[in-house]
Amino acid sequence: MKKYQTNSQYSFIQASIWGMYGVLLCYAQNYLLSKNFSNIIVSSILGVAAGCSIIFQIIMTGFVNRSKRLTLTMATIAISMMVLLACAILRWIPISPTTILVVYGIGIMGLQMLPAFANAMGMSAIQSGRSVNFGIARGIGSSSYALISLFIGRWMITMGYDIILTVTMILCIILCFTSFLFTAKQKKELVAQEVTESLGLLQFLKYHKKFAMFLLGSILCSISHAFTTSYLYQITVSKGGTSAEQGIASAIAAVSELPAMFLFIPMVKRVRCDTWVKISGLFFTLKALATFLAPNIPGLYVAMCFQMLGFALYSVSSVYYAGSVIPSKYVVNSQSYLFAAMNIGGILALLIGGPVLEAFGIQTLLALATVFGFGGFLLFSLGTEKVKKVVI
């Protein structure tokens, strides 16, 4: 019973976080464009928010590593309350357009800090002997993303854009509650307490040079992925659709993630973890190429299915890979830097994407997504270490 209770609690954590991604981030373009901001301004504020999330994530990681009182759970709850407060201000307090940009950016910043801490919570629990199946929990997170993004796309048409804020606040409350339950009896996220020396980023990469190449590949694949997700509204319109079709495309992409996530444990028992990381890099490329070639909305729906062995496989295999090749006492560092790499890719995608979209159009953006994806695949092929034993 305790095994299933632990897994269900952690699954709710992942469902809450990725549900928020399916609302606050997935429809950020829609919300901010509805406030009459340009593509370049929207892309810039989202990029700045992602950049700030990396800085504060690394700072908070250092605090968790060094402190005997601050836990991953406390950090997660504090960040989710910050997101909730930002949404409440946007929902109920009249503010200027500039303030809307800043407050929405703060919400996005907090949201993009959450997965790294949630992943570290799960991996530290696994390494300390608790029964957590990260793949299943992450798959439930994708299910949450799929369902919520599908409904939000339709609800916006009838209820308006404020539904984005309301749903995000509800998910923040659920996240706080389930995070507390998950770690109520855990020994201060055991691994975090073991770290008596906190490695900075340069020190960490100095001792783990191959992991640095893997992180660079993650950045390139993240750029490719972000081009097809952050600009999904523009992609959908270019293929002849609306926000309703955007919601369906997001849902298809999220649902397609489930097999790889739910079945990853038996998969990794048959094929080494580093091999799955390389395969994911290839499918980042194929998804971008398929989106580029899609002539219409049905073609876009087909392209979204490539997410099964792209982002989905990467999301699970990268966490287990980092947990297997990096010493357990640095689990918070490795998971933090891993997600920071994805965020850096997201920042670069936003900073590059807005100007490219305005100047050259969506097809040029998708061509670039294909190139970046292939670059990430090459770095994964060259930079991943052979995993002798996967921590599961």
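Computed from a predicted structure; not experimentally measured.

Asker: I'm lost on the overall build of the chain in this one. Help?
Answerer: The helix and strand inventory of the chain stands at 19 helices and 0 strands. Here the chain has a C-alpha radius of gyration of 19 Å; the compact-globule value for 392 residues is 21 Å, and the two agree. Along the longest, intermediate and shortest principal axes, the C-alpha atoms of the chain span 50 × 45 × 40 Å. By the burial criterion, 60% of the 392 residues in the chain qualify as buried. In the chain, the share of contacts with a sequence separation of at least 24, taken over all contacts with a separation of at least 6, comes to 87%. Here the chain has roughly 15,400 Å² of accessible surface; of this, 70% comes from carbon and sulfur atoms. Each charge class in the chain was averaged separately, 26 positive and 9 negative side chains, and the resulting centres sit 9 Å apart.

Asker: Help me out: how do you make sense of a nonpolar patch on the surface in this one?
Answerer: Taken together, the side chains of Ile55, Phe56, Ile59 and Phe63 present a nonpolar region at the surface, about 390 Å² in accessible area. With respect to the helices and strands, the residue phenylalanine 56 is situated in helix α3 (residues 39–66). Given the relative accessible area of 42%, phenylalanine 56 is considered partly exposed.

Asker: What is the right way to read the pattern of salt bridges from this model?
Answerer: Any two side chains of opposite charge can pair if their charged atoms end up close together. Enumeration over the complete set of coordinates arrives at 2 salt bridges. The residue aspartate 162 makes a salt bridge to arginine 91 at a minimum N-O spacing of 3.6 Å. Placement of aspartate 162 in the loop between α6 (134–159) and α7 (163–182) and of arginine 91 in helix α4 (residues 72–92) is noted, with a sequence separation of 71 residues between them. Since its relative accessible area comes to 28%, aspartate 162 is described here as partly exposed. Overall, the relative accessible area of 30% leaves arginine 91 in the partly exposed class. Close ionic contact of aspartate 274 with arginine 272 constitutes a salt bridge, the shortest N to O distance being 3.0 Å.

Asker: Got a minute to help me understand the nonpolar core in this structure?
Answerer: Generally speaking, nonpolar side chains in soluble globular proteins are found buried as a group. Grouped together as the largest cluster of nonpolar side chains are 124 residues, with contacts concentrated most on Leu32 and Tyr104. Here the element with the most residues in this core is helix α5 (residues 97–127); it accounts for 17 residues. Setting aside its immediate chain neighbours within four residues, tyrosine 104 contacts Leu24, Tyr27, Ala28, Tyr31, Leu32, Leu90, Ile164 and Leu165.

Asker: Would you take a moment to explain the side chain of asparagine 30 for this structure?
Answerer: Along the chain, asparagine 30 falls in helix α2 (residues 28–33). A polar atom in the side chain of asparagine 30 sits 3.1 Å from the side chain of glutamine 246. Here asparagine 30 is in contact with Met156, Tyr161, Tyr233, Ser243 and Gln246, once residues within four sequence places are set aside.

Asker: What's the story with empty space enclosed by the protein in this structure? I'm lost.
Answerer: It is a probe the size of a water molecule, rolled over the atoms, that shows where empty space is left. By the definition in use, this model includes 3 cavities of 30 Å³ or more. What lines the largest cavity is a set of 31 residues, and nearest its centre among them are Trp18, Tyr21, Leu25, His225 and Thr229. Listed by contribution, the elements that provide at least two residues to the lining of the largest cavity are α1 (2–25), α5, α6, α10 (209–229), α12 (243–256) and α18 (331–360). Within the lining of the largest cavity, the residues separate by chemical class into 15 nonpolar, 13 polar and 3 charged. What the second largest cavity holds in volume is close to 130 Å³. Lining of the second largest cavity is provided by Trp18, Asn119, Arg138, Phe311, Tyr314, Ser315, Ser318, Val319, Gln335, Leu338, Phe339 and Met342.

Asker: Is there a simple way to think about unusual backbone geometry in this case?
Answerer: As a rule of thumb, non-glycine residues mostly have phi less than zero, and peptide bonds are mostly trans rather than cis. Phi is positive for asparagine 36, close to 70 degrees, though the residue is something other than glycine. Among the structural elements, asparagine 36 can be located in the loop between α2 and α3. Exposure remark for asparagine 36: the relative accessible area of 73% places this residue in the exposed category.

Conventions and cut-offs
Residues numbered from 1 in each chain as written. Predicted model: local features only at pLDDT ≥ 70, side-chain atom pairs only at ≥ 80, totals over all residues. Heavy atoms only, no water. Helix = DSSP H or I, 4+ residues; strand = E, 2+ residues; numbered from the N terminus. Rg over C-alpha atoms; globule rule 2.2 N^0.38 Å. Buried < 20%, exposed > 50% of the residue type's maximum accessible area, 1.4 Å probe, protein only. Contact = heavy atoms within 4.5 Å. Areas by Shrake-Rupley, 256 points an atom, 1.4 Å probe, with all protein chains shown as cover. Lys, Arg positive; Asp, Glu negative; His and termini not counted. Charge placed at Lys NZ, Arg CZ, Asp CG, Glu CD. Patch = residues over 30% accessible without salt bridge, like charges linked within 9 Å, V, L, I, M, F, W, Y side chains within 5 Å. Salt bridge = Lys/Arg side-chain N within 4 Å of Asp/Glu carboxyl O. Core = buried A, V, L, I, M, F, W, Y, C linked by side-chain atoms within 4.5 Å. Polar contact = N/O pair within 3.5 Å; in protein donor to acceptor, adjacent residues only side chain to side chain. 1 Å grid on protein atoms, 1.4 Å probe; cavity = no way out; pocket = protein on both sides within 12 Å on 5 of 7 lines; lining within 4 Å. Points joined across faces, edges and corners; volume = space filled by probe spheres on them. Nonpolar A, V, L, I, M, F, W, Y, C, P; charged D, E, K, R; others polar.

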